[in-house]
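Listed here are the chains, written in short residue letters.
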Amino acid sequence: MAAWLIWLIGAVALAFGEVLTLDLVLLMLAGGALGGLTVALAGGPAVLQVVAFIAVSGLLLGGVRPLAKRHLENRTPLQLDGIDTLIGKTAKVTRDVDVSGGRIQLGADEWTARSQHGGETFAVGATVRILQVDGATAVVGDALE
């Protein structure tokens, strides 16, 4: 089997492994394998191919990976999902809410709710803010609008 083909198979395998790990290490090694492939295609000896692999991998791991990792981590917004998206939203009280329970209307959905503090009560029609979600119950407080 030709040396360049071995380097190509190695590069593809490393790139595929990167998809599974998402740590940018295997991707940099795949780049090093492409360096070895280039030397093999130019007719260089196996020792020079390995040196090219090590040199390119080292440069990518030391230079490109930290920049890429920092860029990916700094540019990724915190994404709320599930019930976390409800926190901070306002809702209308449909059944008086106190520390023991009540109901609120949030958009088209009706939720069970309770107030955050023992002395807090909210009458029907009041606007409340969702402070947290405890199971299927919204913990609410004053909307301060």
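Definitions and limits used
Residues numbered from 1 in each chain as written. Predicted model: local features only at pLDDT ≥ 70, side-chain atom pairs only at ≥ 80, totals over all residues. Heavy atoms only, no water. Helix = DSSP H or I, 4+ residues; strand = E, 2+ residues; numbered from the N terminus. Rg over C-alpha atoms; globule rule 2.2 N^0.38 Å. Buried < 20%, exposed > 50% of the residue type's maximum accessible area, 1.4 Å probe, protein only. Contact = heavy atoms within 4.5 Å. Areas by Shrake-Rupley, 256 points an atom, 1.4 Å probe, with all protein chains shown as cover. Lys, Arg positive; Asp, Glu negative; His and termini not counted. Salt bridge = Lys/Arg side-chain N within 4 Å of Asp/Glu carboxyl O. Polar contact = N/O pair within 3.5 Å; in protein donor to acceptor, adjacent residues only side chain to side chain.

What about the overall build of the protein chain?
Point 1. Counting secondary structure elements, the protein chain contains 3 helices and 5 strands.
Point 2. Order of helices (α) and strands (β) in the protein chain, N terminus to C terminus: α-α-α-β-β-β-β-β.
Point 3. For 145 residues, the compact-globule estimate of 2.2 N^0.38 gives 15 Å, and the C-alpha radius of gyration of the protein chain, at 29 Å, exceeds that figure by more than 25%.
Point 4. With respect to the principal axes defined by its C-alpha atoms, the protein chain has extents near 85 × 25 × 20 Å.
Point 5. For the protein chain, the proportion of its 145 residues judged to be buried stands at 28%.
Point 6. Across the protein chain, the fraction of contacts at a sequence separation of at least 24, relative to all contacts at a separation of at least 6, is 46%.
Point 7. Element-wise, carbon and sulfur atoms account for 64% of the exposed surface of the protein chain, whose accessible area totals about 9100 Å².

Topic: the side chain of glutamate 18
Point 1. On the secondary structure map, glutamate 18 appears in helix 1 (residues 3-21).
Point 2. For glutamate 18, which is buried and forms no salt bridge, the nearest opposite charge comes from arginine 65, at a distance of 7.0 Å.
Point 3. At 3.0 Å, the side chain of glutamate 18 and the backbone nitrogen of aspartate 23 are in polar contact.
Point 4. Apart from residues lying up to four places away in sequence, glutamate 18 is in contact with Asp23, Leu24, Val25, Leu26 and Leu27.

Thoughts on the side chain of serine 115
Point 1. Mapped onto the elements of the fold, serine 115 is located in strand 3 (residues 109-115).
Point 2. Residue class for serine 115 comes out buried when judged on its relative accessible area of 0%.
Point 3. At 3.0 Å, the side chain of serine 115 and the backbone nitrogen of valine 99 are in polar contact.
Point 4. Leaving out residues up to four positions away in the same chain, serine 115 has contacts with Val97, Asp98, Val99, Glu120, Phe122, Val139 and Val140.

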